[in-house]
Amino acid sequence: MTSAKQAVKDILNELPTLLAVAVVETETGMPLASHSNLAEFDIETAAAYNTEVVKQKLKAVQALKLNQTVQDILLTLTDQLHVIKLSPKGDKFIYLAVNSRDTNLAVARQILKAQTAVLN
C-alpha cells in the first residue's frame, strides 16, 4: 500500500496541475491511493469504471489471440486526457486525468511508466 501512496505523491509532485490520479487494484477496482484536484471528480467512481475498461481490453486482446501485453490505454476527451497505465504484472494500474491544454502527453506517459515500474 505504501508504494501506491508514494506513487500518487510522486505523480502529484511531477504533474501538480493534474485533475485526478489513482493507483487501482485491477481485480477489484478499489483505489489503493488517490488524489483529486477537483472536488466534483469522484475518483472512486472513475476507478471502478476504468477497471471495467482495463478488463474488457484484456479480454479483447486475449480473444483476438494477439499475444500482446496491454501497456497503457489513452482516452482523449474534449479538453482532457485520461491515461491508464498497467503495472508490469497487470495486477494494478495508475489512472491519470489531466487537462490536455497544460499537460504534455509524452511527459505524462514517462512519469506513469516510471511509477508503475515500482508498484510491484
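Up top is the structure these notes are about.
Small disclaimer: the values here were computed from a predicted structure and weren't measured.

What counts, and where the lines are drawn
- Residues numbered from 1 in each chain as written.
- Predicted model: local features only at pLDDT ≥ 70, side-chain atom pairs only at ≥ 80, totals over all residues.
- Heavy atoms only, no water.
- Helix = DSSP H or I, 4+ residues; strand = E, 2+ residues; numbered from the N terminus.
- Buried < 20%, exposed > 50% of the residue type's maximum accessible area, 1.4 Å probe, protein only.
- Pairing = 2+ DSSP bridges.
- Salt bridge = Lys/Arg side-chain N within 4 Å of Asp/Glu carboxyl O.

Participant: Before we go on, may I ask you to explain the environment of Lys89 in this structure?
Facilitator: One can find Lys89 in the loop between β4 (80-86) and β5 (92-99). C-alpha separation for the pair Lys89 and Ala117, spaced 28 residues apart in sequence, amounts to 9.5 Å.

Participant: I tried to follow the pairing of β4 on my own but got confused; where do I start?
Facilitator: Of all seven residues in β4, six are buried; the element is thus mostly enclosed. Of the pairings in the sheet, the one linking strand β3 (residues 72-76) to β4 comprises five bridges and is antiparallel in character. Bridge assignment links Thr76 to a residue of β4, and that residue is Leu81. The hairpin turn running from β3 into β4, its antiparallel successor, is three residues long. Bridging between β4 and β5 involves seven bridges; their strand directions are antiparallel. Residue Ile84 lies in a different strand from β5, and its bridge partner there is Tyr95. Hairpin connection of β4 to β5: five residues between the antiparallel strands, including Gly90 at a positive phi of 80°.

Participant: Where do I start with the pattern of salt bridges in this structure?
Facilitator: A side chain of one charge can pair with a side chain of the opposite charge if their charged atoms are brought near each other. For the structure shown, the criterion picks out three salt bridges. A salt bridge links Asp72 to Arg109, with the shortest nitrogen-to-oxygen separation between them at 2.9 Å. Taken as a pair, Asp72 in strand β3 and Arg109 in helix α3 (residues 105-117) lie far apart in primary sequence, 37 residues in all. Exposure remark for Asp72: the relative accessible area of 23% places this residue in the partly exposed category. Overall, Arg109 belongs to the partly exposed group, its relative accessible area being 35%. One salt bridge connects Asp91 with Lys92, and the closest N-O pair in it is separated by 3.3 Å. Looking at Asp91, the relative accessible area reads 32%, which means it is partly exposed.

Participant: Would you mind showing me how to read unusual backbone geometry here?
Facilitator: Most of the time, phi is negative for any residue but glycine, and the peptide bond is trans. Despite not being glycine, Lys65 shows a phi value in the positive range, around 50°. You can see Lys65 is positioned in the loop between α2 (43-63) and β3. For Lys65, a relative accessible area of 73% corresponds to the exposed category. In this structure, Asn67 is a non-glycine residue whose phi angle is positive, near 55°. For Asn67, the position within the fold is in the loop between α2 and β3. For Asn67, a relative accessible area of 75% gives the class exposed.

The quantities given are spatial measurements derived from coordinates; they are silent on function.
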